[in-house]
Amino acid sequence: MQIKVRLFATLREGRGKEMFLELEEGQMPQDIIEKLQIPVEDVAILLINGRDGQLNTKLISTDVVSIFPPVGGG
Amino acid sequence: MFGYQGKILRIDLSTGTTKIEALDEALAKKYIGGRGLGTKIYADEVSPEIDALSAENKILFVTGPLTGTKTPTGGRYMVVTKSPLTGTIASSNSGGYWGPELKFAGYDLIIAEGKADKPVYIMIEDDKIEIRDASHLWGKVVSETTKILEGETPEKSRVLTIGPAGEKLSKMASVMNDLSRAAGRSGVGAVMGSKNLKAIVVRGTGTVPVASEEALKQVVKECTIKIKENGVTGQGLPAYGTAVLVNIINENGVFPTNNFQTSQFSKAEETSGELLAEKYLVKKDPCYRCPIACGRYCKVDDIEGGGPEYETIWAFGGDCGVSDMGSVIKANYWCNEMGLDTISTGATIAAAMELYQKGYIKDEDLNGLSLEFGNADAVVAWTKLIGMREGFGDRMADGSYRLTDSYGVPELSMSVKKQELPAYDPRGIQGQGLQYATSNRGGCHVRGYLISPEILGLPEKLDRFSLEGKAGWVKIFQDLTAFIDASGLCLFTSFAMGGGDYASMINAVIGTDWTAEDILMAGERIWNIERLYNLEAGIDPSQDTLPSRLLKDPIVAGPSEGNVARLSELLPEYYSLRGWGSDGIPTQERKTLLGV
């Protein structure tokens, strides 16, 4: 299945903003960050379709995964 | 006395006289400084019933005990007065370098009262105080005023001023210092304007006495390491400033668009923090002793200056349907020049755009200028017209509530207590909705930033749609924030620091032995005196609410689709946790406990 992945802030460096990754059925965000070589401590916020997601949530083919490093403001 | 200079500078603009008064140390320690001490002194001196723009009002410029010390971010001050926008107590906070300079000159706070018969500015050089003619400055924008004043005052002086918006009594006028730092909200600039007070220039050569230099050195070292090692204050904010929030808030589907008609902006990426850093950022623009340096300095075409912040990008961007970052930077620039609050100005243009969309405002009212959502050039043009009160800009200059109310549809103003809401749709962030509704200065995110736990996961991640525990989180955030605002530090330290850290810093500076609990208690005391002032000023608890759109109309699409703000389910628990009656009024028992 193809999963749309969106990266933000410093995670874009050397990786790009948005990509489609080919994953096997049952794979999870954990597999995405491994493929993209993102250290787990750099994953501060993980959204699946705009809702709070977990590294071990099983993905389905229509999912959009957004990954943010630690960010804040106001 | 440590941490405080022990002196209040009182200036009577009606008689042109100045007086130095002693600061009561016990009162100062009870209410800390800034927002707390300022509110206490203000409320004791001024009747809550006065008109905010009358000579009876007073305006206070108040530092905290940590202002001008070696503490990280210890450079903030507060403008405290009655708000002409909301009728509530107004406390508008600003950074830069002006606050520490006032402290170095030897004063904890200034009380300006009465009304000058012609434009004046105040020159403070240590113990020398003069009220000078400002006729040559009246009508001038902030950068020009600052330049002229720098030329006619001692070297290294710091300038606080209003722009044309404050002179023309816009209820969205800010007080500006160091060119682009703003005590932005609640119309405090109009109070200066109503007194014919154009500027306050300060030069100070003293230092702030500290109880234990050794303890301070140690705690500053520890806290600076915490700030540097924290992902938000050590990496995210330094690299991208607050603008980095555009994408994350939009991805969550809580980025209000077209005056909160929708909650996700399809072109958010074009106004993102990442794009700002890539295309427009010239340099960082840090405040006094700040290891974070979130401030930006940007350039587009022939315009350059401080900002824009996240809230500003949202107000002129998504909220107006605008996706051109260059225009957002220009609108921000003109707000700084005119002395206008960027949130209220952008949100008022957005409300006007909805009035136009729905047919209330007609083309013939607009002198050929567009009020269509998405028109980037128009947003810049309207900002200038609002600042000068020209054409239809005059109608918009008193904020979205008064504008929409004049057409009989105040519900189109996305405001609380007449102050425009900032850049987070509370329908998808339930705790933030409760905070907006109960904020003591109306629609505001910096009275309690629930975005931190509900979106950013700091200090822990909460389910943003859930109500569970939210009333308690709101109370703690509001109380801790009130303390930080009183101390002279920047709120952004709280991403990395907790109550214990603040206690250690204040103890080293003023010589107390407070704990984290004492810090929260001091914050709660401040929260309650603000509440009591507002009640006496006629702001009754029925105003602890949100615009009906946010309570009744579910978000139409995106990740937060189908949700409304469930305020009525949270409010009773919040009142109860505050120790207030079910009517929202502080009980005698709680007042006694807090000693207010």
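Quick notes on the rules
- Residues numbered from 1 in each chain as written.
- Chains lettered and ligands numbered in written order.
- Predicted model: local features only at pLDDT ≥ 70, side-chain atom pairs only at ≥ 80, totals over all residues.
- Helix = DSSP H or I, 4+ residues; strand = E, 2+ residues; numbered from the N terminus.
- Buried ≥ 20, exposed ≤ 12 C-beta atoms within 10 Å, placed from the backbone.
- Contact = placed C-beta atoms within 7 Å.
- Pairing = 2+ DSSP bridges.
- Axes fitted to C-alpha atoms, helices over the stretch in contact; angles between N-to-C directions.
- Domains from an automatic or database assignment.
- Parallel < 35°, antiparallel > 145°, perpendicular 65-115°, else oblique.
- Left-handed = near helix turned anticlockwise from the far one by under 90°.
- Nonpolar A, V, L, I, M, F, W, Y, C, P; charged D, E, K, R; others polar.
- pLDDT = per-residue confidence, 0-100.
- Arc of directions from axis to C-beta.

Q: Please clarify how the environment of B:L13 should be interpreted in this entry.
A: All names here are of chain B. Secondary-structure assignment places L13 in the loop between strand 1 (7-12) and strand 2 (17-22). Residue L13 is classed as buried on the basis of its 22 C-beta neighbours within 10 Å. Once the C-alpha coordinates of L13 and Y121 are considered, the two residues, 108 residues apart in sequence, prove to be 9.9 Å apart. Excluding its chain neighbours within four sequence positions, the residues that come into contact with L13 are A112, E113, G114, K115, A116, V120, K195 and L197.

Q: Which parts of the structure should I look at to understand the sheet that holds strand 11 (residues 181-183) of chain B?
A: Two modes of strand pairing occur in sheets, parallel and antiparallel, and in both the strands are linked by backbone hydrogen bonds. Residue and element names in this part refer to chain B. Pairing within the open sheet is mixed, and its 6 strands lie in the order 8-7-12-9-10-11. If you trace the sheet from one side to the other, it starts and ends with strand 8 (128-133) and strand 11, each paired once. For this sheet, the mean inter-axis angle between neighbouring strands, taken without regard to orientation, is 20°. Pairing between strand 7 (residues 120-125) and strand 12 (residues 197-203): 6 bridges, direction parallel. Counted as the bridge partner of E125 is R203 from strand 12. Together, strand 9 (158-161), strand 10 (175-177) and strand 12 form the strand contacts of helix 4 (residues 142-152), whose direction differs from that of strand 9 by roughly 140°.

Q: Before we go on, may I ask you to explain the pairing of strand 1 of chain B in this structure?
A: Consecutive side chains of a regular strand alternate in pointing toward one face of the sheet and then the other. All names here are of chain B. Bridging between strand 1 and strand 2 involves 6 bridges; their strand directions are antiparallel. Bridge pairing links L9 to I20 in strand 2. Hairpin remark: strand 1 followed by strand 2, antiparallel, with 4 residues in the connecting loop; positive phi at G16, about 75°. The pairing of strand 1 with strand 6 (residues 109-113) spans 5 bridges and is parallel. Its bridge partner lying in strand 6, D12 is registered against E113.

Q: How should I be thinking about the domain arrangement of chain B in this particular structure?
A: Much of the literature gives interface size as the accessible area that the parts lose upon coming together. Residue and element names in this part refer to chain B. Each domain of chain B was delimited in the assignment, giving domain 1 (7-203), domain 2 (243-416) and domain 3 (426-594). Computed over C-alpha atoms only, the centres of domain 1 and domain 3 are separated by 27 Å. With 35 residues of domain 1 at the interface, the matching set in domain 3 holds 28 residues. Among the elements of the structure, helix 1 (25-31), helix 2 (34-45) and strand 5 (89-94) are those that each provide at least two residues to the side of domain 1 that touches domain 3. Element by element, the count of residues in the side of domain 1 that touches domain 3 is highest for helix 2, at 7 residues.

Q: Sorry if this is basic, but what is going on with the packing of helix 7 (residues 213-229) of chain B against helix 20 (residues 499-510) of chain B here?
A: A pair of packed helices is captured by two measures, namely the crossing angle of their axes and the spacing between those axes. Residues and elements named next belong to chain B. It is at 9 Å that the axes of helix 7 and helix 20 come closest, and there the two elements cross at 155°. If you check the angle between helix 7 and helix 20, you find them roughly antiparallel. As for the relative orientation of helix 7 and helix 20, their crossing is left-handed in sense. In this structure, helix 7 contributes A215, L216, V219, C223 and K226 to the contact, and helix 20 contributes D501, S504, M505, A508 and V509. Tallied by class, residues from the contact of helix 7 with helix 20 come to 7 nonpolar, 1 polar and 2 charged.

Q: It is not clear to me how the confidence of the model for chain B should be interpreted in this structure. Could you clarify?
A: Keep in mind that low pLDDT regions are not for reading the predicted coordinates in detail. On average, residues of chain B carry a pLDDT of 98, and 100% of them reach 70 or more. Reported confidences for the modelled complex are a pTM of 0.98 and an ipTM of 0.97.

Q: Would you take a moment to explain the pairing of strand 5 of chain B for this structure?
A: Residues and elements named next belong to chain B. The buried fraction of strand 5 is high, at 6 of 6 residues. On strand 5, burial covers both faces: I89, S91 and N93 on one face and A90, S92 and S94 on the other are all buried. When strand 4 (residues 77-82) meets strand 5, the two strands line up antiparallel, connected through 6 bridges. Paired with T81 across the bridge in strand 5 is A90. From the end of strand 4 to the start of strand 5, which pair antiparallel, there are 6 residues, and G87 there has a positive phi angle of about 80°.

Q: Whenever I open this one, helix 23 (residues 567-577) of chain B confuses me. Can you help?
A: Each α-helix turn comprises 3.6 residues. Residues three or four places apart therefore point the same way. All names here are of chain B. Among the residues of helix 23, L567, L570, Y574 and Y575 are the ones counted as buried. Down the axis, helix 23 shows its buried residues gathered within 135° of arc, on one side only. Residues of helix 23 that are exposed and point more than 90 degrees away from the buried face comprise S568, P572 and S576. Packed against the buried residues of helix 23 are helix 17 (430-438), helix 19 (470-487) and helix 22 (548-552).

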